[in-house]
Amino acid sequence: MNKNKSYILVELLIVLLLFAYLGAYRAQDAFNNEGMTLAYPGDGQGTIGWYSEYIRGINNNGILEIFGDRFYPSFGGGFHKPQPVAFFWKSLIYLLSFLDVDNIYDVSVVIIFSINGVAAYLLFRYLNIHSILSFLGALLINLFENFDARVVGHLGLCAYFGFIFSIIVLLHITKHHSDNIKYNILLGSTIAFSFSINEY
């Protein structure tokens, strides 16, 4: 790896850690108070109920639970998974399944906040904006009221990093590779990924 790539990776790691720290700081009440969570009654509590059901399935069926609703979708509401759930969310819950179920929700919020921040930062850096201004711009985007309004019940609605990555890929392809089918397939895949995270 050349020096420039190493510098970029270190820069992104620093930005990721800064956003993770800020996200954990903002969620500290949920982490410091047993049984408290960022999820509100209703959809947020329903999501925690789904986490619990999903983790029970993991304990009974192992990692194959990730693919369970691809073959036999069950529909319902309340404390049961409401619909077939995107692979991204099931994978995240699987990776965090060692935590208490209410903490999984809160850690997911911090992770989403961090990835959103890195994605926005990357977009600004791709546009050749100075690193400090890029961080401030990413911070501004990440602190829009949409995140706080949605995070209490709809994690997918506050996970907009997929769309930001799609914009970066679109800008790069239109500038350098607009007639290359492989890059256009990459763009389509990025857009599909972003819709699988935030389907609204």
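Conventions and cut-offs
Residues numbered from 1 in each chain as written. Predicted model: local features only at pLDDT ≥ 70, side-chain atom pairs only at ≥ 80, totals over all residues. Heavy atoms only, no water. Core = buried A, V, L, I, M, F, W, Y, C linked by side-chain atoms within 4.5 Å. Buried < 20%, exposed > 50% of the residue type's maximum accessible area, 1.4 Å probe, protein only. Helix = DSSP H or I, 4+ residues; strand = E, 2+ residues; numbered from the N terminus. Contact = heavy atoms within 4.5 Å. Phe/Tyr/Trp six-rings, centres within 6.5 Å; stacked < 30°, edge-to-face > 60°. Axes fitted to C-alpha atoms, helices over the stretch in contact; angles between N-to-C directions. Parallel < 35°, antiparallel > 145°, perpendicular 65-115°, else oblique. Left-handed = near helix turned anticlockwise from the far one by under 90°.

A. A look at the nonpolar core. Ranked by size, the top nonpolar core spans 40 residues in total, and within it W89, F147 and L155 carry the most contacts. At eleven residues, the largest contribution of residues to this core is made by helix α6 (residues 101-126). Excluding anything up to four places from it in sequence, L155 contacts Y51, W89, Y105, S108, V109, I112 and R150.

B. Broad picture of the packing of aromatic side chains. The full count for this structure, using the stated rule, is nine aromatic pairs. What links up through ring pairs into an aromatic cluster is the set F88, W89, F161, F165 and F193.

C. Quick peek at the environment of A120. Its place among the elements puts A120 in helix α6. Judged by its relative accessible area of 1%, A120 falls in the buried class. Taking the C-alpha atoms as reference, A120 lies 8.0 Å from N142; in sequence the two are 22 residues apart. Apart from residues lying up to four places away in sequence, A120 is in contact with A138, I141 and I164.

D. Structural context of the packing of helix α5 (residues 87-95) against α6. One way to put it is that α5 packs onto α6 with a least axis distance of 10 Å and a crossing angle of 120°. In terms of axis orientation, α5 runs oblique to α6. Where α5 crosses over α6, the handedness of that crossing is right-handed. Here α5 contributes W89, L92 and I93 to the contact with α6, which in turn contributes I104, S108, I111 and I112.

Keep in mind these values describe shape, not function.
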